[in-house]
Amino acid sequence: MSSITVARWFTDQGWKPFPFQEETWQAYLAGKSGLLNAPTGSGKTMALWLPCLQEYIDRYPLDYRKPRKNGLQILWITPLRALAKDIRLAMQAACDDLEIPWQVAARTGSTSTSERQKQQRSMPECLITTPESLHILLSQKDGAQHFKSVRAVIIDEWHELLGSKRGVQAELALSRIRQVAVQPLKIWGISATIGNLEQALEVLCSKHAPDAMIIRANLQKQINIHAILPDNGEEMPYAGHLGLKLIPKILPFIRKSQTTLLFVNTRASAEIWYQHLLLHAPELAGLIAMHHGSLDSATREWVEEALKEARLKLVVCTSSLDLGVDFAPVETIVQIGSPKGVARFLQRAGRSGHRPGAISQIYFLPTHALELIELVAMKEAVAERLAESRFPIPAPMDVLVQYLATLAVGGGFEEKALYDEIRSTYAYRDLSQEVWEWALSFITTGGQSLGAYDEFAKVEIADDIYHISDRKTAMRHRLSIGTIVSDPSISLQYLGGSRIGSVEESFISRLKEGDVFWFGGKNLEFIRVRQMTAWVKKAGNRKGTIPRWSGERMPMSPQLSDKIRRTWGNISENNHSIRTKIPEIAVLNPLLDRQQRWSAIPKANELLIEQLKTSEGYHVCIYPFEGRVVNEVLAALCAYRMSRMQPISFSMATNDYGFELLSDIEIPLEKALAENLLFTEENLLADINESLNETEMAKRRFRDIASIAGLIFQGYPGKNITSRHLQASSQLLFDVFQQYDPGNLLIRQAFEEVMRAQMAGGSPEPRLLETVRRMQNQRWLLKNPPYPTPLAFPLMIERLRETLSSEKLEDRIAKMQLQLTRI
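Residues numbered from 1 in each chain as written. Predicted model: local features only at pLDDT ≥ 70, side-chain atom pairs only at ≥ 80, totals over all residues. Heavy atoms only, no water.

A. Spotlight on the overall build of the chain. Regarding its fold elements, the chain presents 32 helices and 28 strands. Taking the principal axes of the C-alpha coordinates as reference, the chain spans close to 85 × 65 × 60 Å. Burial analysis of the chain (823 residues in total) assigns 57% to the buried set. Contacts in the chain between residues at least 24 apart in sequence constitute 74% of all its contacts with a sequence separation of at least 6. Taken as a whole, the chain presents about 34,000 Å² of accessible surface, with 48% of it coming from carbon and sulfur. (Helix = DSSP H or I, 4+ residues; strand = E, 2+ residues; numbered from the N terminus. Buried < 20%, exposed > 50% of the residue type's maximum accessible area, 1.4 Å probe, protein only. Contact = heavy atoms within 4.5 Å. Areas by Shrake-Rupley, 256 points an atom, 1.4 Å probe, with all protein chains shown as cover.)

Right, here's the structure in full:
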């Protein structure tokens, strides 16, 4: 660095810069753009913030302390608004210590109106914001002019944005800022390890910085992974049954640690674990809290502050605390069940020891016995520093038409200049003139099938400038900016009291007056719903249900799936060695013995297929170990292909390991295998489209697309439109497009998103072909077990879970387990 001022401040804090930090400082000050790749808690923020300050000092070496009107210098984009506050405090502290008269401010959905107005009048030197809030800024009249003075844009946690529409939003915003910025713009991303770093850099910088570089931190973050083992590995496994029984085993180190974060994978699980932990350890009352996305923002902020100040002993949380926020008192992490991805596991582990050189401690508590094999696979993946890829979304049309309307609201745009600008992004680099003209027609007339309706003709053209002049249309668009679309939520509020949080409308609609449910650790009695608010009161200690939220399933990554297959293969091939030396597997020996005795343990190059008959009917269970969402596709594909052989109906169940097909008549499995009908690549995509009832799935997906594209309005703050109305509106539009405008690009996008979602976010065709090709080339182990095996049992429970209440299901499982464990 050209001056020692910032470097001296850094060492005065008692820190010694890592080589990657020094390399980043030098690259930034040399005017380069790039991507910084470093593990959680290694000092990534300061690696890029300090050279921003150094550059300013070097510009005014004699009087950098003098206040001046600098305008916005640094734009810092973060995926979570919760991160903005934490980052802002650290950045402002560095400015204050160095006597640099910069203001660091945040602009997110929770920023007050007065603060936003202040920023409109005079921008801070550094603005920390989210992709949505950045687009709202661009939608203000002459909003882009705020970015004229920007010298650098830094995107935090780039890997979290990369594979989402929010990442595309960031790309589009960058393309606009590049056009208006007076100075050459430096673009930097900060990322944890991902498998496609080079592609991540290309998406970030596009073709504007050919000398952009990747800086990798050569740091091995030490993570100690501990398994919570059951005393008895004999019980037949099924999802969810084991975790709560192991609470007594985690309480000792929770009590020993200053603060523990206990991660669960769903909000419903957070509510359940909070209650059961208090039942087992009532002394935690007042020292335990909950953190998930449906709790009121004030409650979440209180929990975050209490964590920083070490006022809490334990926080039960979801992915809402996965990223970035530094809680120094956190010493221990507990992961309940498999997080289904190596990156997510590492991210959560890094919440403890969240500082350079510190050791992270994470305890893995299985929710069913076979998850211990997942843990063995996870440990191996962590040791190998396995990196999972995040695939960018190609040219989403809903995001594009929303962005065009945003610019039209914010002062307007000229067609030719904007076309070239948008094509400069990675997402739309192949945008054809034909597709571009479709998008312009869509925002100005509503397109081929909606041209007769004035409400869809939002954008006008005057003097070759596309703009929105109607104030109501402009306001509704600004309220709708963003790509995160969820089921309409109902606000929860005490009668005559404060707001508690929100739950999905679909849950509240099933409640009757007097019904009791748990939320935020409180037992609440439902009173009534008025204007999208559910009024409740405390219900004492009566039993209650737990809300369920949609869209919470975590897909298993392809890399972890491969590791799990190989781990099962190692158990099969090195039976005695692995089953005695690895504690997580040794405890499962009774189950593994039963699996081997009744069926087989598949090697990595084998595909296990089990068929058996029970009082329910004829079962076929197949185990690709590809993760639930991919197994759902495979189940539907196999059922469809066998139904073409003869008339037959199936019930289906899936989990991360395999899928079950159940019929009341004998299933023609052996004939299908002999004739190579199940796993052939021939007509693969066409058969999958038929088997999934793709049109119905696309209709559901289209609702989100229609919301993002501005076809349907979700309502004003506090006056949301009901989900039933939104669904009806979107389905009507879908049907209109299907009949009168079959080439509509939003309809095409809906079908593409269905397939991408089923492939866990990856590229659909290669993933499908690879999976089916592997299954075709594996040696098929066709077994006829006398009873449901440890691998089949969880699948049967998954199916029963859909049809039985929790009490009846418990009784049914208990009987089934008793019968099998006596054999």
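B. Summary view of the environment of F147. Relative to the helices and strands, F147 is located in the loop between α6 (131–138) and β5 (152–155). Under the relative-accessibility criterion, F147 is labelled buried at 0%. Put simply, F147 and R756 are 609 residues apart on the chain and 35 Å apart in space, counted from C-alpha to C-alpha. Beyond its immediate chain neighbours, meaning those up to four positions away, F147 contacts L72, L75, L134, L137, L138, I177, V180 and A181.

C. Inspection of the environment of I74 at higher detail. Structurally, I74 can be placed in strand β2 (residues 74–77). Looking at I74, the relative accessible area reads 1%, which means it is buried. Residues I74 and Q222 lie 148 residues apart in sequence; the distance between their C-alpha atoms is 33 Å. Ignoring any residue separated from it by four or fewer positions in sequence, one finds I74 in contact with Y28, W49, C52, W102, E125, C126, L127, A152 and I154.

D. Quick peek at the sheet that holds strand β14 (residues 413–414). Spatially, three strands are ordered β14-β16-β15 in an open sheet, and the strand pairing comes out antiparallel. Each edge of the sheet is formed by a strand with only one pairing partner; in this case those strands are β14 and β15 (460–462). With three bridges connecting them, β15 and strand β16 (residues 465–467) associate as antiparallel partners. By the bridge assignment for β16, I461 is matched with Y466. (Pairing = 2+ DSSP bridges.)

E. How the structure looks around the sheet that holds strand β20 (residues 522–530). Within the open sheet, the five strands sit side by side as β18-β17-β21-β20-β19. Their pairing is mixed. Single-partner strands in this sheet number two, and they are β18 (499–504) and β19 (516–519). Within the sheet, the average angular offset between the axes of one strand and its neighbour, ignoring direction, is 40°. Here strand β17 (residues 489–494) runs beside β18; their pairing, made up of five bridges, is antiparallel. Within β18, the residue paired with I490 across the bridge is V503. (Axes fitted to C-alpha atoms, helices over the stretch in contact; angles between N-to-C directions.)

F. Structural view of the packing of aromatic side chains. Evaluation of the coordinates by the stated rule reveals 19 aromatic pairs. Aromatic pair F253 and Y363: ring centres 3.7 Å apart, planes at 10°, arrangement stacked. You can see F253 sitting in helix α10 (residues 247–256) and its partner Y363 sitting in strand β13 (residues 360–365), a full 110 residues away along the chain. Note on Y363: relative accessible area 17%, which makes it buried. Between W598 and Y787 the ring centres are 5.0 Å apart and the planes differ by 55°, which places this aromatic pair in the tilted class. Note that W598 is positioned in helix α23 (residues 589–598) and Y787 in the loop between β28 (779–783) and α31 (792–801), a separation of 189 residues in sequence. Owing to a relative accessible area of 32%, Y787 belongs among the partly exposed residues under this scheme. Grouping aromatic residues by their ring pairs yields a cluster made of W49, Y56, Y60, W76 and W102. When the ring centre of Y60 is taken as origin, the NZ or CZ atom of R68, which lies over that ring, is 3.8 Å away. (Phe/Tyr/Trp six-rings, centres within 6.5 Å; stacked < 30°, edge-to-face > 60°. Lys NZ or Arg CZ within 6 Å of the ring centre and 35° of its normal.)

G. View of the pattern of salt bridges. Considering all chains together, one arrives at 35 salt bridges under this definition. With a closest N to O distance of 3.0 Å, R799 and E616 form a salt bridge. On the criterion of sequence distance, the pair formed by R799 in helix α31 and E616 in the loop between β22 (606–614) and β23 (617–623) is long-range, its members being 183 residues apart. In the salt-bridge network here, residues are joined through shared partners; they are D562, R565, R566, E626 and R774. (Salt bridge = Lys/Arg side-chain N within 4 Å of Asp/Glu carboxyl O.)

H. Representation of the environment of A212. Following the sequence through the fold, A212 ends up in the loop between α9 (197–205) and β7 (213–216). Residues in contact with A212, not counting those within four places in the same chain, are S33, G34, L201 and C205.

I. Representation of the state of the cysteines in the model. Within the structure shown, the criterion is met by zero disulfides. The thiol of C52 is unpaired, and the distance to the nearest cysteine sulfur, on C126, comes to 7.4 Å. We note that C638 lacks a disulfide partner, and the nearest cysteine sulfur, in C621, lies 12 Å from it. (Disulfide = S-S within 2.5 Å.)

J. Quick peek at helix α16 (residues 415–423). Those residues of α16 lying buried are L418, Y419, E421 and I422. Down the axis of α16, the smallest arc covering the buried residues is 165°, so these residues share one side. Where α16 is buried, its residues touch α8 (165–180), α15 (397–409), β14 and α17 (433–445). Here α16 starts with a cap whose side-chain oxygen sits 3.1 Å from the backbone nitrogen of K416, and that cap is E414. (Arc of directions from axis to C-beta. Polar contact = N/O pair within 3.5 Å; in protein donor to acceptor, adjacent residues only side chain to side chain.)

K. Representation of the packing of helix α14 (residues 371–383) against helix α20 (residues 558–573) in the model. At a closest axis distance of 9 Å, the pairing of α14 and α20 adopts a crossing angle of 115°. Considering the angle they form, α14 stands roughly perpendicular to α20. Where α14 crosses over α20, the handedness of that crossing is right-handed. Residues I373, E374, V376, A377, M378, E380 and A381 of α14 touch α20, and the partners they reach there are L560, K563, I564, T567, W568 and I571. Looking at the contact of α14 with α20, its residues break down into nine nonpolar, one polar and three charged. (Parallel < 35°, antiparallel > 145°, perpendicular 65-115°, else oblique. Left-handed = near helix turned anticlockwise from the far one by under 90°. Nonpolar A, V, L, I, M, F, W, Y, C, P; charged D, E, K, R; others polar.)

L. Layout of the pairing of strand β4 (residues 126–129). Of the two faces of β4, the one lined by C126 and I128 and the one lined by L127 and T129 are each fully buried. Sheet topology places β2 next to β4; four bridges connect them, and they run parallel. Bridging across to β4, I77 finds its partner in T129. The sheet contact formed by strand β3 (residues 104–107) and β4 spans four bridges and is parallel. If you follow A106 over to β4, its bridge partner there is I128. The parallel pair β3 and β4 is bridged by helix α5 (residues 113–121), and the resulting crossover is right-handed. (Right-handed = clockwise from strand over helix to strand, strands pointing away.)

M. Representation of the pairing of strand β21 (residues 533–538). Note that β17 and β21 share four bridges and pair parallel. Across the sheet, S491 pairs through a bridge with T533, a residue of β21. Sheet analysis places β20 next to β21, joined by six bridges and oriented antiparallel. Bridging across to β21, R530 finds its partner in T533.

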